[in-house]
Amino acid sequence: MEVLHAVFVAPFLDMANEPIFFLEVVIGGLMSGVMYSLVALGFVLIFKASGIFNFSQGVLALFAALTLVGLMTGTMPFSLQKVLPEFPPIVAIALTILVMIGIAFLIERIVLRPLVNQSDMITFMSTIGIAFVLEGVGDTMWGSDVKALDIGIPSGNWVIGDMYIQIFDLWATAIAGIMVIVLAVFFQKTRTGRALRAVADDHQAALSVGIPLRTIWIVVWSVAGLVALVGGIMWGSKSGVQFSLSLIALRALPVLIIGGLTSIPGAIIGGLIIGVGEKVSEVYWGPLVNGAIENWFAYIVALIVLLFRPQGLFGEKIIERV
Amino acid sequence: MLYREAGQFKRSYEADAAIFPIAQDRWAVIFFVAILFLGVPLVASEYIYQAILVPVLIYSIAALGLNILTGYCGQLSLGTGGFMAVGAVSCYKLTTAFPDMNLIVILLLSGLITAGVGVIFGIPSLRIKGFYLAVATLAAQFFLNWLFNKVAWFQNYTPSGTLTMPPREIFGTLVTGAEALPRDRYLFCLILAVLLGLAACNMVRGPVGRAWMAIRDMDIAAELIGFRPFNTKLLAFSVSSFYIGIAGALAFGVWLGSVETAEAFDINQSFQVLFMIIVGGLGSILGSYIGAAFIVLTPIVLTNLMVYGLGLEAVTAKHFEFIFFGSLIILFLILEPHGMARLWQIAKEKLRLWPFPH
Amino acid sequence: MTIDPRTKTGGNLILEVENISLSFGAVRAIVDVSFSVIEGEVLAIIGPNGAGKTSMLNVINGFYHPQEGQIQFGGEVRRQMRPYQAARGGIARTFQNVALFKGMTTLDNIMTGRNLKMNRWATNILSAAFYVGPTRREEMRHREHAERVIDFLEIQAIRKTPVGRLPYGLQKRVELGRALAAEPKLLLLDEPMAGMNLEEKQDMCRYVLDVNDEFGTTVALIEHDMGVVMDISDRVVVLDYGRKIAEGTPDEVKSNQAVIDAYLGTSASSATA
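Rules of the game
- Residues numbered from 1 in each chain as written.
- Chains lettered and ligands numbered in written order.
- Predicted model: local features only at pLDDT ≥ 70, side-chain atom pairs only at ≥ 80, totals over all residues.
- Helix = DSSP H or I, 4+ residues; strand = E, 2+ residues; numbered from the N terminus.
- Buried ≥ 20, exposed ≤ 12 C-beta atoms within 10 Å, placed from the backbone.
- Contact = placed C-beta atoms within 7 Å.
- Nonpolar A, V, L, I, M, F, W, Y, C, P; charged D, E, K, R; others polar.
- Pairing = 2+ DSSP bridges.
- Right-handed = clockwise from strand over helix to strand, strands pointing away.
- Axes fitted to C-alpha atoms, helices over the stretch in contact; angles between N-to-C directions.
- Domains from an automatic or database assignment.

So, about the overall build of chain C. The secondary structure content of chain C amounts to 10 helices and 10 strands. Expressed as a percentage of the 273 residues in chain C, the buried residues total 45%.

Each side of the interface is counted separately: chain B has 32 residues, and chain A has 39 residues. Secondary-structure elements contributing two or more residues to the side of chain B that touches chain A are α6 (130-150), α8 (207-225) and α13 (314-335) of chain B. A per-element tally of the side of chain B that touches chain A places α13 of chain B first, with 13 residues. Residues belonging to the side of chain B that touches chain A are distributed by class as follows: 25 nonpolar, 5 polar and 2 charged.

Residue and element names in this part refer to chain C. Counted residue by residue, strand β7 (residues 186-190) has 5 buried out of 5 residues, so it is predominantly covered. Burial along β7 is two-sided: the residues L186, L188 and D190 and L187 and L189 are all buried. One ladder, built from 3 bridges, connects strand β6 (residues 91-93) with β7; its direction is parallel. Note on β7: the bridge partner recorded for R93 is L188. Examined bridge by bridge, β7 and strand β8 (residues 218-222) share 5 bridges and lie parallel to one another. When the sheet's bridge partners are listed, L186 is paired in β8 with T218. Regarding topology, helix α7 (residues 198-215) serves as the crossover connection from β7 to the parallel β8, and that connection is right-handed.

Below, the discussion takes up the sheet that holds β6 of chain C. Residue and element names in this part refer to chain C. Read across the sheet, 6 strands follow the order β6-β7-β8-β3-β9-β10 without closing on themselves; strand pairing throughout is mixed. At either end of the open sheet lies a strand with only one pairing partner, and these are β6 and β10 (243-248). Strand-to-strand twist of the sheet, defined as the mean angle between neighbouring strand axes without regard to direction, takes the value 20 degrees. The sheet contact formed by strand β3 (residues 42-46) and strand β9 (residues 235-240) spans 4 bridges and is parallel. Within the sheet, the bridge partner assigned to A44 lies in β9 and is V236. The strands touched by helix α1 (residues 53-61) are β3, β6, β7, β8 and β9; relative to β7, the strand with the most contacts, the crossing angle is about 150 degrees.

Residue and element names in this part refer to chain C. You can read the domains of chain C as domain 1 (1-90 + 186-192 + 216-273) and domain 2 (96-183). Counting residues at the interface gives 7 residues for domain 1 and 5 residues for domain 2. Among the elements of the structure, α2 (83-88) and β7 are those that each provide at least two residues to the side of domain 1 that touches domain 2. Looking at the side of domain 1 that touches domain 2 residue by residue, the classes come out as 3 nonpolar, 1 polar and 3 charged.

Attention now goes to the sheet that holds strand β2 (residues 27-38) of chain C. All names here are of chain C. Taken in spatial order, the 4 strands make up an open sheet running β2-β1-β4-β5, and their pairing is antiparallel. Every other strand in the sheet has two partners, leaving β2 and β5 (76-78) as the edge strands with one partner each. Neighbour-to-neighbour, the strand axes of this sheet turn through a mean angle of 15 degrees, independent of strand direction. One ladder, built from 8 bridges, connects strand β1 (residues 13-24) with β2; its direction is antiparallel. Residue pairing across strands places V17 opposite F35, the latter belonging to β2.

By secondary structure assignment, the location of L253 of chain A is in helix α12 (residues 252-259). Sequence separation between L253 of chain A and Q57 of chain A is 196 residues, and the spatial gap between their C-alpha atoms is 9.7 Å.

Residues and elements named next belong to chain C. Between β1 and β2, which follow one another and run antiparallel, lie 2 residues, and G25 among them has a positive phi close to 65 degrees. Of the pairings in the sheet, the one linking β1 to strand β4 (residues 68-73) comprises 5 bridges and is antiparallel in character. Bridged to L15 within β4 is F73.

Relative to the helices and strands, F294 of chain B resides in helix α12 (residues 285-309). Excluding its chain neighbours within four sequence positions, the residues that come into contact with F294 of chain B are V279, G280 and M340 of chain B.

In structure tokens, the structure reads:
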């Protein structure tokens, strides 16, 4: 009886009793949800455009952040000596974008091209391989200790009445919002966007109508790299650049599932749901079970969503024919 | 010249359906197993037992399990670590609660409990496929690890959160606990690895294996022929989890002796076993063993080479491991998706003709 | 091709399709189609592409569920049926795009056809793991039957070849073998001769007729080659845009004006026989 009360009644009473705090938690959750969405967006992009489920999206974000920090602190790759000139943030970001495009090139050349038209499972497992390689290379190049990242996004709190809202989070939301709009327009309205969708449907057919598969893939992975960079900057500025960044990105997978693999708005909404859900459940139900609900919350929710809607909330229905 | 089937006529379907239809194969395997049982204990050191032989055998069992689920039945699972944890925790709880229970019974029960858990997390496979299912299995991985970490009952309320295996005997020989001889641990695991491998071979070449492969290859057509996808998949989950659970129990009880479940059976374990079956060969019993050996040995070889040979730091060696494994996976997927087992098959085909080119 | 024309008259109805309508969203695949299949006959279902022929087979199989109408098979009336129930009732089929299990050998594929005939007790997991006496005997019993099918279809040489490596024509033959292994009452064939040359077609026709003759299996096949249809089928059903536009003996259908307009074209009225 007491257990039932503690689980089903008490947390809601807490929420009602201190609405301001609850609102803070929710808003905090929304903000962290935006960060998840950023990572999930990268996934959706690559999936929409090439049908590949890119397991390494999180590691891409980590690698991008590592490169950025390295450039900004003047670190020489592979040696950890700070002997190079320190680039100002804008320049460093531009250089990092170039690096990510370079990586897109390499991935297309070494991994994607030989695996054209292989089964989904195989390409998926190859992205796991990519994740491992990028992880190792990133660590070897820039070192695996925790690094601070500061590109000048304002921090501090914004006070409304009794509520504290982090200015940083507001900036993150704004940036993510702009990204989403740009990407959505890109996909729906431009010729390249259409070509991307064709490629996602059927590689061979796209090739046969003259769509330059290679170029498309490089474009897509570069854009995904860009998105990863933004995500990496956001996460890295907030909690430092380190290995656990890629674990957080792992948590973007359930976001994808919930939103639907092919839906950009789905990635956003899924991210928000998970962000809020995680924070709220951790704050209000966490103490009951010793904490760390965040570790599995996203996955269990994804599991439940999958049971009722295998294609996610906004995904396309999967039709199979004989 | 030596490896020819000439003169080996099979007079019954049974002979044709045997696990090793070619006589040379049979003898080779018997010889190899004999060496494992009799020859190795004469020369192996404690380090070799503890660092190489025992983990290879235990991971072979886990790889067999995952191969049944992913290689034969086509259901991708990233929850292997979590299921190994279930096996380990079941073993711990059972043996501490019933100190007189025979270790074999405890292992079997641990396997069965894990099979049950596996079935529960396999239920979503009714509606979910491919990487959706992989993400769903991640739910198992994280949730189970969290459960065993946070709920003190699973650890018998020890303050350190570490599970320790008490000493247990099989037929009068200690195989668990600090006093057990490495040789005895090894032989125990070897017997289990061989028996479970045989069982797997039998399952896979009969109607159960065909059902699994039918679901993997074309589940819609399979259903139209009369297979029942749901039952078949659940069966795959349960058998697979049974194996993985036993592997986890052995890893805890016989190999490591004490574990902190969240560390020992984390998501990296899931990836490791997945790599084993990719490198070894999806849908191959032999491949499970080869893959396990490869994945266990490589870090050891690499570390020895890099740290002692080239004088690099241990940390760098670890990073390089990541690069190496990632590249290996990609290489295998591009060149030989059927893994080393297929390479072995090709080698045998060439051997049949040797010394002739074709 | 000269094969003796055969006539079948009367006989029980093994399958009755009554007023079936099937839509996918706004697309109406089948509109109010009814026909019957007489036990022991060879029925051809013909029509232009997109007429709903494969969908019709899928409905009979239980893979698609029609919005209206019902099917009577083996004395049972039903609209919604799970595919394995259809299979258990004695319906086997082949597919337009060869749905073989590419990872398995020819023999294994045909053995999967025996799946429903296997003793439940002998195939449970524990028996399988130990593979002792009764399980082994059961497996061998079915192996014998599969080998008979292999002999019948003359595919002994490719018994152990993974089917993914076989040429298209042989794959289609293996698929027929898988369907035959199930000892079906009703055999549904979806374009079994597609992509074959004359010799291969003759072989397939021979197999189909032998199956029909020796085992009394009722056959319903979708086919585009009018020569084949005219020669081996007892009756023909013609579909167009989801509707039935003719039903009758091959001669009747051949001279039916609606069929000629929709499908055959004028030169077919003087088609070779």
